Each structure stands twice: as structure tokens, then as C-alpha cells.
Amino acid sequence: MTGSREDVLSLADEYVLGLLDAGEAAAVDARIEHDAALRAAVAASRERFLPLDTQLAPAAVDDGLWRRIEESLPARGESAPVPQSAPANDNRRSGWRLAALSSFAATLLLTAGLVWSLGRTVEPVVIAVLLNEAGEVQAVVEDFGNDTANVRLLSAFEVPADKTIQVWTLPSRELGPVSLGLLDGSRSARLEGPTLPDPNEDQLYELTLEQAGGSTSGRPTGPILAKGFAKAVH
């Protein structure tokens, strides 16, 4: 298996988050033995995600969600429809927060046996796990607090030629939603966004599907693909 550095990083994140099926995970296990770049990427992913595991409060998880996570197969049959033109700070915050905490805690539990370690590099200030309305992990945003954010897509979004995925955050209600940038098709990216205050615990991040070139209003107007609330790394 070969791939670009971004492909290796995305594969490592999916492996650590428990999103690969049994065959894919076994292939990664075998590849790690001789692929130093993948081994380092997996270790770095665990270093980034592990601090969140120690900060999560217990949350009730329905049997269906646990079953989906344990099988490492996102439910694809009957997902809830994508909401249209929902504002970034809508009143469904608590439901999304509970789903995010429960889902992320479970995926971390499934990968607790990973033992590789790596010296720390530059760490993000916050990490947000973005879910769709069905509670399925879709993306991870790492905000470094220096106008830079990594967006790793963990699901294959269908992006029509006349559309684009736009990444948003809500630093405060006073400031309102702010665009961090556009993704190239359905690819992970490192975004250089505007100068913003340092990101905070529980700060909202979301992906919306906008017209090509992004929202012309400076606010999210298209359907929400995924969203979640940040957890501080330290």
C-alpha cells in the first residue's frame, strides 16, 4: 500500500478512531510492522486523541450506537435526512453534544490496546469530532489556535460539481459563525483561516454544503453535513 502523506494521516486517524472494518484494520496491523511512516502517524493520532479520553464524562449510550461502533461499520441504510439551512448555533446543541461525547468515548475504548508511542509534536488547542444526525463520525477538526486547522474527513461525502464543503466555527455568539475555509471536493485539508480568538472548550465546528466558491453571505446557508463541539487537549 502506498499513498500521499495526507492519505497516511487519514488512514491513521481512521484506524485509531476504530472506523475501519476488520479486513482494513488487519491490513493496517500488518503494514505497521514495516511502514515507519504509518507507524509514526498512528502513534501521533493516539497522542492527539488520548487526552480527550481522560476528560470525557460518562454519558448514556443507546444499544444501537454501541453496536455500530463495535462493528466498526457506520450505519448506511436509514440515515436521517440532512437539515436544510440550519444556523450554526441552533437549539439542538445538547443532543449533538451527547452523541459526540458518547461516540468518541466508545471509539477510543475500542483502540485502547494500541501501544506505540511517539514524542509529542505541536498539539492542537482543541479537537472536535463531527457527527451527522445519525450519530456517525464524519470528520475530525484539530484547531491549533494560530489561524490553522486540520480537517480530516472520515466519510466519503458526495460533492456535486457545483457545490463545495465549507468549514465553520462559532467562536462566540457575538462574533457569529466564521468560515475557516473550503475543502477541495471530499478531501481532508489543512486550512489557513482568519485571525480569531483562541478556540475554547465546547466551541462549535461544522461542515456545510455550499455553492461552489462558498457562501456569499458570510454565514452558513447550505445543509449541515456534520457538526460537533470541541474538547480542549490540555
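Residues numbered from 1 in each chain as written. Predicted model: local features only at pLDDT ≥ 70, side-chain atom pairs only at ≥ 80, totals over all residues. Heavy atoms only, no water.

Draft legend 1. The arrangement of the nonpolar core in detail. Judged by nonpolar contacts, the single largest core of 22 residues is most densely connected at Leu-130, Val-151, Tyr-205 and Leu-207. Among the elements of the structure, β1 (126–131), β2 (137–143), β3 (148–153), β4 (163–170), β5 (178–182), β7 (204–211) and β8 (224–232) are those that each provide at least two residues to this core. Not counting chain neighbours up to four residues away, the residues in contact with Val-151 comprise Val-140, Val-141, Val-167, Leu-183, Ser-188, Ala-189, Leu-191 and Leu-207. With 13 residues, the next largest nonpolar core counts Tyr-15, Val-28, Ala-41 and Val-42 among its residues. (Core = buried A, V, L, I, M, F, W, Y, C linked by side-chain atoms within 4.5 Å. Buried < 20%, exposed > 50% of the residue type's maximum accessible area, 1.4 Å probe, protein only. Helix = DSSP H or I, 4+ residues; strand = E, 2+ residues; numbered from the N terminus. Contact = heavy atoms within 4.5 Å.)

Draft legend 2. Structural view of the pattern of salt bridges. Under the defined criterion, the tally for this structure stands at four salt bridges. Notably, a salt bridge pairs Asp-35 with Arg-31, separated by 2.7 Å at the nearest N-O pair. By relative accessible area, Asp-35 is classed as buried at 16%. Given the relative accessible area of 7%, Arg-31 is considered buried. As a salt-bridge pair, Glu-142 and Arg-152 come within 3.8 Å of each other at their nearest N and O atoms. Of this pair, Glu-142 sits in strand β2 while Arg-152 sits in strand β3, and the two are ten residues apart along the sequence. Linked through salt bridges whose partners overlap, the residues forming this network are Asp-13, Glu-142 and Arg-152. (Salt bridge = Lys/Arg side-chain N within 4 Å of Asp/Glu carboxyl O.)

Geometry only, nothing functional implied.
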